[in-house]
Amino acid sequence: MTDESAGQDIRLYGLSKYYGDFRALDDVNLHVAAGEFLTLLGPSGSGKSTLLMALAGFVEPTHGDIFVGGSSITALAPEKRDFGVVFQGYALFPHMTVAGNVGYPLKVRGLGKPEIAAKVRDALDLVQLGHLATRLPKQLSGGQQQRVALARALVFSPKMLLLDEPMGALDKKLRHDLQLELRQLHRRLGRTFVNVTHDQEEAMAMSDRIAIMRAGKIEQLGAPRALYDAPETRFVADFLGKSNFIEGKVTGIDAGIATLDTADGPVVHALGTRPAGIGDSLLLALRPQKLMLGPGPNSRKATVETAIFLGTHAEVSLRCASGLALALNLGIENAQALPAEGTTVELGWDPAATVAVRPD
Amino acid sequence: MPSPADKTARPTGFRVALRDARGHLDPHWWLVAPILILVVCLYLLPLGNVLLLSVSDPKPGLDNYERIATASGPLKVLLTTLRLCAITTVISIVLGFCVAFAMAHVRETHQRILVVAVLVPLWISVLIRAFSWLVLLRDQGPVNDWLMQSGAIDQPLALVRNELGVVIGMVHYLIPYAVLPIFAVMRGIDQRLLFASRSLGAGAVTTFLKVYLPLTLPGVFAATVIVFVFGLGFYVTPAILGGGRVVMLAESVSVAILQTVRWGFGAAQSVVLLVLTLVLIGIMAKTVGLKKGFG
Amino acid sequence: MTRRLTPGLILCVTIAWIVVGFLLAPMFISVPLSLTPERFLSMPQGELSLRHYASVFTEDAWLGALGDSAMVGIGATLIATFTGGAAAIGLWRIGGRAARIIGVLALMPMIVPPIVTALALSRAWVTLGLFDTVFGVILSHAILGMPFVFMTVSAALEGLDPRIAQAARSLGAGPFRTVRDVIVPNVKAGLLTGGLFAFVISWDEIIVTLFVSSRSVYTLPRKIWSDIRDNIDPAVAAVSTLMIGATVIVAAIYLLRDLARAKPKDVS
């Protein structure tokens, strides 16, 4: 695992893939930095897997180019790209042992037997599976299969690693452990990782940056924290964590604080870096955990519809006079004093808690 | 070199399917090439030639087809073929349904034994099966011997070298083909549906007629088509067990080619046989799917 | 699952076993017939003889027929397995409408009545100079056996994750190396079953053979065919007994192995 392959950057220019009239990828432009861990996150059918398969060479783009390390690979056959790929369902060769699977890319590259054996041992040690080298894939658990797939994709020191829903088939607990491991592996190897998932927690846990995909396009790209705190669109605000949405018209602006007229009365909102003018209609996204019981700079009366205690927090569904539904999360310290269902409570939130997002 | 215009072309139709967006031939077509040579050049072209032959020999025109439809000899052959096929199909399907039903509802070991017992005849040469029936059923054969010794009859029964013999031989050949598609469908029926029907107050007979039977219909239909189509093409069984007295289409073709050397007429009869077969199989493929039929 | 014995089921099981008897019993008639000491086809009266078995293995006509059948069968099996298997794999990788159309075309020789195939190939082989040659008969039988290989291999491929082919490509194997290293080993059972089908079809084939050969290629079914039509030599009964015996032994081995393997499942 030499330095020259320590990671290369990827640039996508106007990448599109059409199936008849359906646009699986629609003019995608993206720059993945060398050594970055980027996750493509989106619902099914958003084009994230198509994008990954185009990178791997299994989907021929209708338009556009893919550059890796400065040279175009758009026309390169998959076997010539030198990318490690971890497939959905792992795609281990059922007729080969674990060692056979991991050694296969080296065998194809014409390495000698002793060299293959040594590298296979290193790769299996890397994923802590050295003791299972002679097993067949079907004799392994899901988590072990995933590690074999990982070892197989890394053993030939590829320029980058592509992961297609690598945790898809695993249960929640195991998924969490493997996310941490994968993240450490990425830090250690320093290669470029591109991961595809529909699980937002996985994306947040592992990635340097997340590209949220929707209908064949990248909706928003950024670090997990930035995406979470400053979603640009309603879709992003709702897909990456839940949000409440409040519509209103700006009636006044004073020192970066806008006053909005909404169905349930006035709301003050800190504009931050997103300017607005008087008379503009704004859509505000508000995280459920930023809503608080009791009065605040913004106040509302609402009826409690359901209140559920979930251990780490509690979820309360509320309805305002206008009919607007609001979700509120209470931290564990407040969850003991859950409001009774059917009662009317007072809520409040800070002007800085809301973010203006583009409607769909 | 691919032109930029190629890249914008939307993938539609056969031509584009051969080549990808950049005009590269998918290398996997090399794996398909041998079968294309074998099937297209060495099989479909000769078949097309038969079609051509039927309207060109001895002279161009539809004379051969007219003869099939009007001349008494060929017409009798056609009707005999259809009649025998219909009779054998009905018998095979009824018996096949019972066997499949038994198979689908007995214990696993019992089921496996039945399946193998039904499959074994498929692996035995149709010639040998026809030969066995011939010696069994002929006048001096064991069946007539036994019946005469037991005093049931004075004269040997004419069991073979007639339509009865052909029907026995054909049913024997066709039953496995009737059993397998029906069994495949029955095995896929969700038993809970039957329980549901019973729990809703339907009796056993009602449940069978109103729930079970309709669910098996795709299998019965596929089996009917396959058995009938195989019957249409029968050659060896009628030739041996019919003793020259029961002439079906296939044997008529053979006589036209090998004995009377009327290629055009034999070709026309072949085309009739081919069209009947393809239409029936086509209907089956459209309704229940090719795969189900050939299970 | 409940398996209650209803009157309907009892009736069906009874009919099933009668049908099985009807399917299997007649074939054993050739056993006593083959042991007759007479020169003509008859039930042995007391004395048994193996003379007809001896003649099958010593007479030139039978040995020649066996040899021709073996040669044709092996040749046809090889061609059918190669073409049918390669096509099934290729079309599985290609997919789409073109693949589906070719998949149906590949099944045609199985669907078309044999007499029609016989007529078509007979004409074509005369034109190509293949009539009455070993290669011509091999090619005919390969065409007839190929759809079965295509079907069994396609069925085996259906159970295979297409991503393992992509995985091999991503690991550096070209398309053909992927087929050799990854796909073929996983459809071996389909190839073997299909090959077995192709061989048995060739071994039993009579109709097309009658039309594409005359004197220089004389397979076993042709020899049996002419013997049945002429005078029924008891040697035919001996050949039948041998062929049925082989089938029954193979079926019995299969059934016993199958049942032995199923046992643990029955318990659980």
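As annotated in an unreviewed UniProt entry, chain C carries the name ABC transporter permease and is attributed to Zavarzinia aquatilis.

By the naming in an unreviewed UniProt entry, chain A goes by Polyamine ABC transporter ATP-binding protein and is assigned to Zavarzinia aquatilis.

Participant: Before we move on, could you go through unusual backbone geometry and cite the residues and values that matter?
Facilitator: Most peptide bonds are trans, and most residues other than glycine sit at a negative phi. Cis rather than trans, the peptide bond between B:Asp57 and B:Pro58 has omega equal to 0 degrees. Relative to the assigned elements, B:Pro58 resides in the loop between helix H3 (29–54) and helix H4 (63–70). Phi at A:Ala215 is positive, roughly 50 degrees, even though this residue is not glycine. Note that A:Ala215 resides in the loop between strand S9 (209–214) and strand S10 (217–222). For A:Ala215, a relative accessible area of 55% translates into the label exposed.

Participant: Provide a residue-level description of the UniProt feature "domain: ABC transmembrane type-1" (unreviewed entry) in chain C, including the pertinent values.
Facilitator: In this structure's numbering, the residues bearing the UniProt feature "domain: ABC transmembrane type-1" (unreviewed entry) are residues 66–254 of chain C. Helix and strand shares over residues 66–254 of chain C are 85% and 0% respectively, and the end C-alpha atoms of the span are 26 Å apart.

Participant: Describe the interface of chain A and chain C, with residues and values.
Facilitator: With 22 residues of chain A in contact, the opposing surface of chain C contributes 18 residues. Across the interface of chain A and chain C, roughly 1800 Å² is buried in total on both sides, 61% from carbon and sulfur atoms. Contact with chain C buries area across many residues of chain A, yet A:Glu79, A:His95 and A:Tyr104 alone supply 30% of it, more than any other trio. Here C:Arg169 makes a salt bridge to A:Glu79, at a shortest N to O gap of 2.6 Å. On the surface where chain A and chain C come into contact, there are 6 residue pairs in polar contact (both at pLDDT 80 or more). Breaking the side of chain A that touches chain C down by element, the ones donating at least two residues are strand S6 (83–86) and helix H2 (98–108) of chain A. By residue number, the principal contributor to the side of chain A that touches chain C is H2(A), which donates 4 residues. Here the side of chain A that touches chain C is built from residues that sort into 16 nonpolar, 2 polar and 4 charged.

Participant: Any chance you could break down the side chain of C:Arg222 for me, citing the residues and the numbers?
Facilitator: Residues and elements named next belong to chain C. Structurally, arginine 222 can be placed in helix H12 (residues 220–230). Of the side chains bearing the opposite charge, aspartate 132 lies closest to the buried arginine 222, which forms no salt bridge; the N-O distance is 5.2 Å. At 3.3 Å, the side chain of arginine 222 and the backbone oxygen of valine 217 are in polar contact. Ignoring any residue separated from it by four or fewer positions in sequence, one finds arginine 222 in contact with Ile206, Thr209, Leu210, Ser213, Ser214 and Val217.

Participant: Talk me through the interface of chain B and chain C; I want residue IDs and the actual numbers.
Facilitator: Taken together, the contact between chain B and chain C spans 88 residues of the former and 94 residues of the latter. When the two sides are added together, the surface that chain B and chain C hide from each other amounts to roughly 8300 Å², 83% of it contributed by carbon and sulfur. Ranking the residues of chain B by area buried against chain C places B:Tyr43, B:Trp123 and B:Phe131 at the top, with a combined share of 9%. Seen at the junction of chain B and chain C, the total is 1 salt bridge. Taking the shortest distance from any N to any O, the salt bridge between C:Asp258 and B:Arg112 comes out at 2.8 Å. Linking chain B with chain C are 4 residue pairs in polar contact (both at pLDDT 80 or more).

Participant: Could you give me a rundown of the pairing of strand S18 (residues 325–331) of chain A, with the residues and numbers involved?
Facilitator: Alternating residues of S18(A) divide into A:Leu326, A:Leu328 and A:Leu330, all buried, and A:Ala325, A:Ala327, A:Asn329 and A:Gly331, none buried. The antiparallel pairing of strand S17 (residues 313–320) of chain A with S18(A) creates a hairpin that spans 4 residues between the two strands, and A:Gly323 there sits at a positive phi of about 100 degrees.

Participant: Any details on the domain arrangement of chain A? Residues and values, ideally.
Facilitator: Where the parts come together, the accessible area they lose is often given as the size of the interface. Residues and elements named next belong to chain A. According to the domain assignment, chain A contains domain 1 (3–232) and domain 2 (242–357). Across the boundary between the two partners, domain 1 contributes 6 residues, which contact 6 residues of domain 2. Between domain 1 and domain 2, the buried area comes to about 520 Å², and carbon and sulfur atoms account for 42% of it. Grouping the constituent residues of the side of domain 1 that touches domain 2 by class yields 4 nonpolar, no polar and 2 charged.

Participant: Could you give me a rundown of the UniProt feature "domain: ABC transporter" (unreviewed entry) in chain A, with the residues and numbers involved?
Facilitator: Per the UniProt annotation, the sites labelled "domain: ABC transporter" (unreviewed entry) are residues 10–240 of chain A. Here residues 10–240 of chain A runs as 36% helix and 26% strand, with 25 Å between its end C-alpha atoms.

Participant: Hey, could you go over the environment of A:Ala117 for me, with residue numbers and the actual values?
Facilitator: Inspection of the secondary structure puts A:Ala117 in helix H3 (residues 113–126). Sequence separation of A:Ala117 and A:Ala149 is 32 residues, and the distance between their C-alpha atoms is 17 Å.

Participant: How would you sum up the packing of aromatic side chains? Please name residues and give values.
Facilitator: The final tally for this structure, using the stated rule, is 17 aromatic pairs over all chains. Taken together, a centroid distance of 5.7 Å and an interplanar angle of 20 degrees make the contact between C:Phe199 and C:Trp203 stacked. Taken together, the positions of C:Phe199 and C:Trp203, both in helix H10 (residues 188–204) and 4 residues apart, correspond to about one turn of that helix. The exposure class of C:Phe199 is partly exposed, given its relative accessible area of 27%. Every member of this aromatic cluster is reached through a ring pair, and the members are B:Phe97, B:Phe101, B:Phe208 and B:Tyr212. Positioned over the ring face of A:Tyr228 is A:Arg287, at 3.8 Å from the centre of the ring. The residue whose ring lies beneath C:Arg123 is B:Trp263, and the NZ or CZ to ring-centre distance is 4.6 Å.

Participant: Account for a nonpolar patch on the surface, with residues named and values stated.
Facilitator: Residues and elements named next belong to chain B. A cluster of nonpolar side chains, Phe221, Val275, Val279 and Ile283, forms an exposed patch at the surface whose accessible area comes to about 320 Å². It is helix H14 (residues 263–287) that contributes the most residues to the nonpolar patch, 3 residues altogether. Along the chain, phenylalanine 221 turns up in helix H11 (residues 204–232). Judged by its relative accessible area of 32%, phenylalanine 221 falls in the partly exposed class.

Participant: Go over the confidence of the model for chain A with me, naming the residues and quoting the values.
Facilitator: Residues of chain A with pLDDT of at least 70 account for 98%, and the chain-wide mean is 90. Under a pLDDT of 50 for its full length, residues 1–5 of chain A has, in the predicted model, 8 contacts with residues more than four places off or in other chains.

Participant: With reference to specific residues and values, describe helix H4 (residues 142–154) of chain A.
Facilitator: Compared with the 18 Å implied by 1.5 Å per residue over 13 residues, the 19 Å span of H4(A) between its first and last C-alpha is a close match. In terms of burial, H4(A) is a largely internal element, 11 of the 13 residues being buried. For H4(A), the full list of buried residues reads A:Gly143, A:Gln145, A:Gln146, A:Arg147, A:Val148, A:Ala149, A:Leu150, A:Ala151, A:Arg152, A:Ala153 and A:Leu154. Contact partners of the buried residues in H4(A): S6, H2, H3, strand S7 (160–164) and helix H5 (172–189) of chain A together with helix H8 (163–170) of chain C.

So, how was this worked out
- Residues numbered from 1 in each chain as written.
- Chains lettered and ligands numbered in written order.
- Predicted model: local features only at pLDDT ≥ 70, side-chain atom pairs only at ≥ 80, totals over all residues.
- Heavy atoms only, no water.
- Helix = DSSP H or I, 4+ residues; strand = E, 2+ residues; numbered from the N terminus.
- Buried < 20%, exposed > 50% of the residue type's maximum accessible area, 1.4 Å probe, protein only.
- UniProt positions renumbered as here; feature names shortened; annotations may be inferred.
- Contact = heavy atoms within 4.5 Å.
- Buried area = accessible area lost by both parts, 1.4 Å probe.
- Salt bridge = Lys/Arg side-chain N within 4 Å of Asp/Glu carboxyl O.
- Polar contact = N/O pair within 3.5 Å; in protein donor to acceptor, adjacent residues only side chain to side chain.
- Nonpolar A, V, L, I, M, F, W, Y, C, P; charged D, E, K, R; others polar.
- Lys, Arg positive; Asp, Glu negative; His and termini not counted.
- Pairing = 2+ DSSP bridges.
- Domains from an automatic or database assignment.
- Phe/Tyr/Trp six-rings, centres within 6.5 Å; stacked < 30°, edge-to-face > 60°.
- Lys NZ or Arg CZ within 6 Å of the ring centre and 35° of its normal.
- Patch = residues over 30% accessible without salt bridge, like charges linked within 9 Å, V, L, I, M, F, W, Y side chains within 5 Å.
- Areas by Shrake-Rupley, 256 points an atom, 1.4 Å probe, with all protein chains shown as cover.
- pLDDT = per-residue confidence, 0-100.
- Expected span 1.5 Å × (residues − 1).

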